[in-house]
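A closer look at the structure
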Amino acid sequence: MASVSYHIANLLEKMTSTDKDYRFMATNDLMTELQKDSIKLDDDSERKVVRMLLRLLEDKNGEVQNLAVKCLGPLVNKVKEFHVYSIVESLCDHMVSEREQLRDMSSLALKTVINELPASSTALVANICKRVTDRLSEAIVRQEDVSVQLEALDILGDLLARFGSLLVSFHPNILDALLPQLASPRLAVRKRTIVALSHLVVSCSPQIYARLMDFLIEELAKNTSMSTTRTYIQCIAAISRQAGHRFGEYLERVMPLVVQYVAVDDDELREYCISACEAFTLRCPKEITHHLPTIVEMCLKYITHDPNYNYDDYEDDEGQMDMDEDDEGEEDDEYSDDDDMSWKVRRSSAKCLEAVISTRHEMLIEFYKTVSPQLISRFKEREENVKVDIFHAYMALLRQTRPSLSLSIDPDAMEQEEGTISMLKQQVPALVKSVHRQMKEKSIKTRQGCFALLTELVQVYPGALTHHIPALIPGIQFSLGDKNSSSNMKIDTLAFVHCLLVHHSGEVFHQHVGQLLPPVVTCVADPFYKITAEALLVLQQIVKVIRPLDLASSFDFTPYTGDLYHCTLARLRAADLDQEVKERAIACMGQIISHLGDHLQGELGTCLPIFLDRLRNEITRLTTVKALTKVAASPLRIDLRPILADALPVLASFLRKNQRALKLATLTLLDTLVTNYSNSLTPQMLDKVLVELPPLINESDLHIAQLCLTLLTSTAKLHKSSLGNFLQVIMPDVMALVRSPLLQGGALRAMQDLFEAVVRAGLPGLGYQDILNHLLAPLVSPQASNIHKQAYHSMAKCVAALTLTHPGEAVGVVDRFLMDVTSPRSPTVQSFSLLAIGEIGKHIDLSSIPQLKDAVVASFSSPSEEVKSAASYALGHLSCGNLQEYLPFVLSEIEANPKRQYLLLHSLKEIISLQSKSPEGVKVLQGFVSDIWTQLFRHTECAEEGTRNVVAECLGKLTLINPAALLPKLQESLKTDSPMMRTTIVTAIKFTISDQPTAIDSLLRHCIGDFLSTLQDPDLNVRRVALVAFNSAAHNKPSLVRDLLDTILPQLYNETKVRKELIREVEMGPFKHTVDDGLDIRKAAFECMYTLLETCLDRVDIYVFLEHVEGGLKDHYDIKMLTYLMLTRLAHLCPQAVLQRLERLVEPLRTTVTTKVKANSVKQEYEKQDELKRSAMRAIAALLTIPDADKNPQLSEFVAHIKSTPELQSLFESIQRDACPTHDAMMDLS
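Because the structure is a prediction, the values reported are computed rather than measured. (Residues numbered from 1 in each chain as written. Predicted model: local features only at pLDDT ≥ 70, side-chain atom pairs only at ≥ 80, totals over all residues. Heavy atoms only, no water.)

Focus: the overall build of the protein
As a reminder of what qualifies: Put simply, DSSP marks the helices as runs of H or I at least four residues long and the strands as runs of E at least two long, and each gets a number from the N terminus on. Residue burial is assigned from relative accessible area. The probe radius is 1.4 Å, only protein chains are included, and a residue is buried under 20% of its type maximum, exposed over 50%, and partly exposed in between. Contacts are residue-level and defined by heavy atoms, with any inter-residue pair within 4.5 Å sufficient. Per-residue and other accessible areas were derived by the Shrake-Rupley procedure at a 1.4 Å probe size, with only the shown protein chains allowed to occlude residues. A positive count includes Lys and Arg, and a negative count includes Asp and Glu. His and the chain ends are not counted in either. Here the site of a charge means atom NZ of a Lys, CZ of an Arg, CG of an Asp or CD of a Glu.
Across its full length, the protein carries 62 helices and two strands. Taking all 1230 residues of the protein together, the buried fraction comes to 55%. For the protein, contacts bridging at least 24 residues in sequence account for 74% of all contacts bridging at least 6. When the accessible surface of the protein is summed, it comes to about 52,400 Å², and 51% of that surface belongs to carbon and sulfur atoms. Taking the average location of the 128 positive side-chain charges in the protein and that of its 160 negative ones, the two points are 5 Å from each other.

Looking at the packing of helix α19 (residues 364–377) against helix α20 (residues 384–401)
So the rule is basically this: Between the N-to-C directions of two axes lies an angle of 0 to 180 degrees, each axis being a line fitted to C-alpha atoms and, for a helix, fitted only over the stretch in contact. We call two directions roughly parallel when the angle between them is under 35 degrees, roughly antiparallel when it is over 145, roughly perpendicular when it lies between 65 and 115, and oblique otherwise. Should the near helix be turned anticlockwise from the far one by less than a right angle, the crossing is termed left-handed; should it be turned clockwise, right-handed. For this classification, the nonpolar set comprises Ala, Val, Leu, Ile, Met, Phe, Trp, Tyr, Cys and Pro, the charged set comprises Asp, Glu, Lys and Arg, and every other residue, Gly included, is treated as polar.
Direction vectors running N to C along α19 and α20 enclose 155 degrees, while the axes themselves pass 11 Å from each other. Put simply, α19 runs roughly antiparallel to α20. In the packing of α19 onto α20, the handedness of the crossing is left-handed. Residue-level contacts link Leu 364, Phe 367, Tyr 368, Ser 372, Leu 375 and Ile 376 of α19 to Ile 390, Ala 393, Tyr 394, Leu 397, Leu 398, Gln 400 and Thr 401 of α20. Here the residues of the contact of α19 with α20 sort into ten nonpolar, three polar and no charged.

Quick look at the environment of Gln 851
Within the element layout of this structure, Gln 851 appears in the loop between α41 (827–843) and α42 (852–858). The spatial distance from the C-alpha of Gln 851 to the C-alpha of Leu 818 is 8.8 Å, given a sequence separation of 33 residues.

Here we look at the side chain of Thr 455
Residue position: Thr 455 is located in helix α23 (residues 444–460). When its relative accessible area of 17% is taken as the criterion, Thr 455 is described as buried. Sequence-distant contacts of Thr 455, defined by excluding residues within four places in its chain, comprise Phe 496 and Cys 499.

Considerations on unusual backbone geometry
Not every positive phi belongs to a glycine, and Arg 637 is a case in point at roughly 50 degrees. Considering the arrangement of structural elements, one finds Arg 637 in the loop between α31 (621–633) and α32 (641–654). For Arg 637, a relative accessible area of 43% gives the class partly exposed.

Observations concerning the nonpolar core
So the rule is basically this: Note on terminology: a nonpolar core comprises buried Ala, Val, Leu, Ile, Met, Phe, Trp, Tyr and Cys residues joined through side-chain atoms within 4.5 Å.
Residues Tyr 394 and Leu 465 are the most contacted members of the largest nonpolar core, which totals 429 residues. Look past the residues within four positions of Leu 465 in its chain and what remains in contact with it is Val 428, Val 432, Leu 454, Leu 457, Val 458, Leu 472, Phe 496, Leu 500 and His 504.

What about the environment of Val 738?
Locating Val 738 in the fold gives a position in helix α36 (residues 726–738). Taking the relative accessible area as the measure of exposure, Val 738 reaches 1% and is therefore buried. Along the sequence, Val 738 and Pro 373 sit 365 residues apart, while their C-alpha atoms lie 64 Å from each other. Not counting residues up to four positions away in its chain, the partners in contact with Val 738 are Leu 743, Met 751, Phe 755, Leu 775, Ala 791, Ser 794 and Met 795.

Description of the packing of aromatic side chains
When we look at a pair of aromatic rings, we describe it by the centre distance and by the angle of the planes. Applicable threshold: Each Phe, Tyr or Trp ring (for Trp, its six-membered ring) is paired with any other whose centre lies within 6.5 Å, and the angle between the two planes then decides the class: stacked below 30 degrees, edge-to-face above 60, tilted in between. The rule for a charge over a ring is simple: NZ of Lys or CZ of Arg within 6 Å of the ring centre, and within 35 degrees of the ring normal.
The tally for this structure, following the rule as stated, stands at ten aromatic pairs. A centroid spacing of 6.2 Å and a plane angle of 85 degrees characterise the contact between Phe 215 and Tyr 232, whose relative ring orientation is edge-to-face. Of the two residues, Phe 215 sits in helix α11 (residues 206–222) while Tyr 232 sits in helix α12 (residues 226–242), which places them 17 residues apart along the sequence. For Tyr 232, a relative accessible area of 4% puts it in the buried group. When the ring of Trp 933 is compared with that of Phe 937, the centres are 5.4 Å apart and the planes differ by 35 degrees; the resulting orientation is tilted. Here Trp 933 and its partner Phe 937 are both found in helix α47 (residues 929–937), four residues apart, which amounts to about one turn of the helix. A network of ring pairs unites the aromatic residues Phe 379, Phe 391 and Tyr 394 as a single cluster. Above the ring of Phe 889, the side-chain terminus of Lys 853 is found at 4.8 Å from the ring centroid. Across the ring face of Tyr 1117, the terminal group of Lys 1168 is positioned such that the distance to the ring centre comes to 4.9 Å.

Some words on the pattern of salt bridges
In plain terms, the rule: By convention in these notes, a salt bridge is any Lys or Arg side-chain nitrogen within 4 Å of a carboxyl oxygen on Asp or Glu.
Taken as a whole, this structure holds 42 salt bridges when the rule is applied. The partner of Arg 382 in a salt bridge is Asp 306, and the shortest N-O contact between them spans 2.8 Å. With Arg 382 in the loop between α19 and α20 and Asp 306 in the loop between α16 (292–302) and α17 (321–334), the pair connects residues that are 76 residues apart, well separated along the chain. Like Arg 382, the residue Asp 306 is buried in the burial classification. A salt bridge links Arg 1024 to Glu 945, with the shortest nitrogen-to-oxygen separation between them at 3.1 Å. You can see Arg 1024 sitting in helix α52 (residues 1020–1036) and its partner Glu 945 sitting in helix α48 (residues 945–961), a full 79 residues away along the chain.

Concerning the environment of His 498
Within the element layout of this structure, His 498 appears in helix α25 (residues 487–502). Each C-alpha atom of the pair His 498 and Ala 535 lies 8.6 Å from the other, and the pair is 37 residues apart in sequence. In this structure, His 498 is in contact with Leu 537, Val 538 and Gln 541, ignoring residues within four places of it in sequence.

Topic: the side chain of Thr 1152
With respect to the secondary-structure elements, Thr 1152 resides in helix α59 (residues 1142–1154). The residues touching Thr 1152, leaving out its near neighbours within four places in the chain, are Lys 1120, Tyr 1124, Gln 1169, Leu 1172, Lys 1173 and Ala 1176.

Remarks on the pairing of strand β1 (residues 1063–1068)
Heads up, the rule is: Any two strands with at least two DSSP bridges between them are considered paired.
As paired elements, β1 and strand β2 (residues 1071–1076) share six bridges and run antiparallel to each other. Following the sheet pairing, Arg 1064 is matched in β2 by Val 1075. Hairpin geometry of β1 and β2 is characterised by an intervening segment of two residues between the two adjacent antiparallel strands and by a positive phi of about 65 degrees at Gly 1069.

Some points on helix α55 (residues 1079–1095)
The α-helix advances 3.6 residues per turn, and as a result positions three or four apart in sequence lie on the same side. Using the following cut-off: The span you would expect from a helix comes to 1.5 Å times its residue count less one.
When the terminal C-alpha atoms of α55 are compared, their 25 Å separation across 17 residues agrees well with the 24 Å that a helix rising 1.5 Å per residue should span. Counted residue by residue, α55 has 13 buried out of 17 residues, so it is predominantly covered.

Let's talk about the packing of α23 against helix α24 (residues 469–480)
At a minimum axis distance of 12 Å, the contact between α23 and α24 shows a crossing angle of 130 degrees. It follows from the interaxial angle that α23 and α24 lie oblique. As α23 packs across α24, the resulting crossing turns out to be left-handed. Where α23 approaches α24, its residues Arg 447, Phe 451 and Leu 454 are matched on the opposing element by Leu 472, Gly 475, Ile 476, Phe 478 and Ser 479. Per-class residue counts for the contact of α23 with α24 are five nonpolar, two polar and one charged.

Topic: the confidence of the model for the protein
Rule in force here: Known as pLDDT, the predictor's per-residue confidence is scaled from 0 to 100.
For the protein, per-residue confidence averages 83 on the pLDDT scale, and 93% of positions sit at 70 or higher. Across residues 315–337, where pLDDT falls below 50, the model places 21 contacts with residues more than four positions away in sequence or in other chains. This model gives residues 404–414 a pLDDT under 50, and the stretch forms 16 contacts once residues within four places in sequence are excluded.

Pasting the structure below:
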């Protein structure tokens, strides 16, 4: 502390020097000290530093003054509060000084201090704000000096922007001071007043807001002078931009005035009116809706408003282009922008159209009819800035046309997309004709706009430019030429060419390769690395175009092979290049060799060693592995022998690296090499690779394990001599993985393939019986009980895969398992044996084993649930091996054994599921459909819900087999009087809806309304399952329900309400317990609402939706948890709508966070309350990500309360740290 004080005292002494350099250096050193977090000043040093810095603001040297201002920023966080007050008081006094330079310095210093005030010290900030606000308001009202007024307005704007909510008590005085300034004779004063007012409305009370809006609307209606009318329009637009969530209720009063003033012949006023409409469109989406036709009409009218220029002479003829450009230059000289303001009207019209298009997806078809042709016709705009905005508006239209992700998985939902795409298709020729001329403009900005527009077009509608390539080539050549383009222009052009090549068929370009290739090759040699990298990407695509390997092509590519190879080789060889260029050169050369290698035989000796060199380089190895994979997979069978011996040890070493992407790529390459180059590989080469595999074959990374197993399978098939030590080295890890409960999907299939390949390879010690014994050994060992039951399924599938290699052994193996079933040593062995019998029986007919059927059915009576479940599974799978034999048996058993009904129905479900997977299976099952249907319908009214659910699933899956005949039967069954049957039928419909396109979709679309009409069913359970079915449809196939939402949503919202008649009290001994029978249906309703957010948001009235979310925030624990999740999503998807309802949403969140559990509550109550608090805090963190939400008084007060409570603060901080991007917070509730 003493040394710091001494150092500071030294600096302060130097600051009094007469030498300005001394003063400057000392002030600079002081600033360095103040910026250190560790510095602590004693009271005396604080006082002296503050006094000295305030004195330096009056220094004669400007540089010293500036440094003193900069020092005040960090100083306010280092000194005590009363010093901060004295700094602020002093600065405010200086602001009204008669010395202009001191006034300027003081206002700059005050801004610095305000920006550096710590937001966490609420009391300090509030006191300072109050002191400053009084002085500023006074300065604004009384001061006749305009420069002081401007500075005061500026600082007040900063204050309101940062701490508006702390100044609520001063808002009336601030408003009184600001309103008269809107009529100031100085435009600069008006502009800064507008900025200050726009910050004020974010945090002011509804009364202040109403007073301001009433004043503006009344003054606007008076129209005392055109100048003030412009200002009032600007002010209203600024308020709408800053606080659109509060502006909606005034829109009806403002909009007629705006429309009225647009018609006045004053271009500046028109510009402000149209800009205001843009702000209303973006910030008041609900209220503006019925004004949109007027706004669009207005914008289309004024986007052509150019009274000083004649476009009639505008020719699209290429030959006239240069002459027209000269004419246009003359016109520009004649009408300068100083005289002509009409361009601003056109620009604001284009921006307003962009806002309307971007926010109104539902009006897309209308836009294509009216807006699109007009925008295309305006590409000829003479003013560059306006032209760019017109391009942006059209790009917004194209972006809206791009099919959304949720629709792309649902082809039927593309119907509405098809309408817009077909309209776009019709307009492409006019668009290309209009853009074609602009592509040879001198203006780089215009050409960049053209390429951005065409790129967007091609991404939205691939193949759009198929017939227009000749028209685009001259423009591309022009922009890649050195004379006409900057680096950025070339990069944009190359990016467009790449996009063009990717999204169009290769044949389209064949006749133009001669024109396209030379400028691209020139760009590859460009000294600027970004151009080179982009050109190499284009070159890679051109290689695929001139010689596609997957299609027959008659195009003669040989003239271009040399150029492609040599220009890439030059970049591949160079070592002193940017990383991106190196990687692109490697990838491009890989593409060239894989497509054209048979015509470059003489060059391989030069090129392949370079690949080997790059493989050994840590920076380029991953890219090289991927490039070599491409070469090795090429059908041209490029001769890789020169590098194989050296490459394999390097690749083997990669399998030890701690870089997952490298391991994955290396394993893929090794498998490709074994598959395509097995004759060139020796066991010695492969030994080095195989020895690295065992550590990778484990459950910690199933993807890597799967690739290892695939590589071993390929080796067993094509190079079995290399697997001599498989049994000792690799088998233990393979067997450990088989017993993992995590083994599933692709890795499990790869494991089955490996066993099959190893048995077929006929290696010593790895025959059918040997491997079978290895698989079954754990079951008889003492550790059998340690194996997870899920692993038995994997082991059973592997046993079946083995048995398929020796079908003759099947009966013997099944007999062995049958002994374990009939005389079990343990339930685990019995259940595994049943699973294995089922898996084998699925592929091989086992009906010849007489006692098999009885043994499986007898297992249904086992005391072990695990055995019963395995028996049910086995019977289902067995039946698929011989449907004629087993299916009638299963159906008769369902009828004869009511006690086993549930398990037998599960077997039936397995049969239907398995048979439905292949057309042959469906054909066999067709003959039994009517018998199964009849049997299932006998159990649709079963008292047990579990049984009814299995029946429903069977009915649903059966309907998918013959929808035309069976769907009407389900529909007819809805008319039954039995609520249980209706529940089963509606649940069955849920199982007909999948996320993949199926034959039933078109039929379902016509009748799903009937099934969902059960949302009005008198029975509570029927309504609940109808909601579950609706949720499934909304999640998996939104197109089925989108058009029904107008009728379904009111019914859905109705089910979110708490019904008192469904709440009852149950006496449990001396206690009374409340039971809510409506909870499940409310939960189902809120789950549907959550799903609609993801898939049908554009069809939902978000304000009505939010009302019901508000209700859910006060409901039961389960529903609160759901609504907190919804709130998190809504904050991301519809921030403006949430902002408008923030006050009503914050209150229930506050209640949850501040609620305390009763002292005598059980542990579960504490846990539930903690989880609720956490979820509510996550929702609050999401709300704070909405722009301007932190300026809401209720929310900021609540957050301040959280931060002032240590327990809540630590919880909130941990949630903010863990917070993922809100758009990842998705949940599947279907």
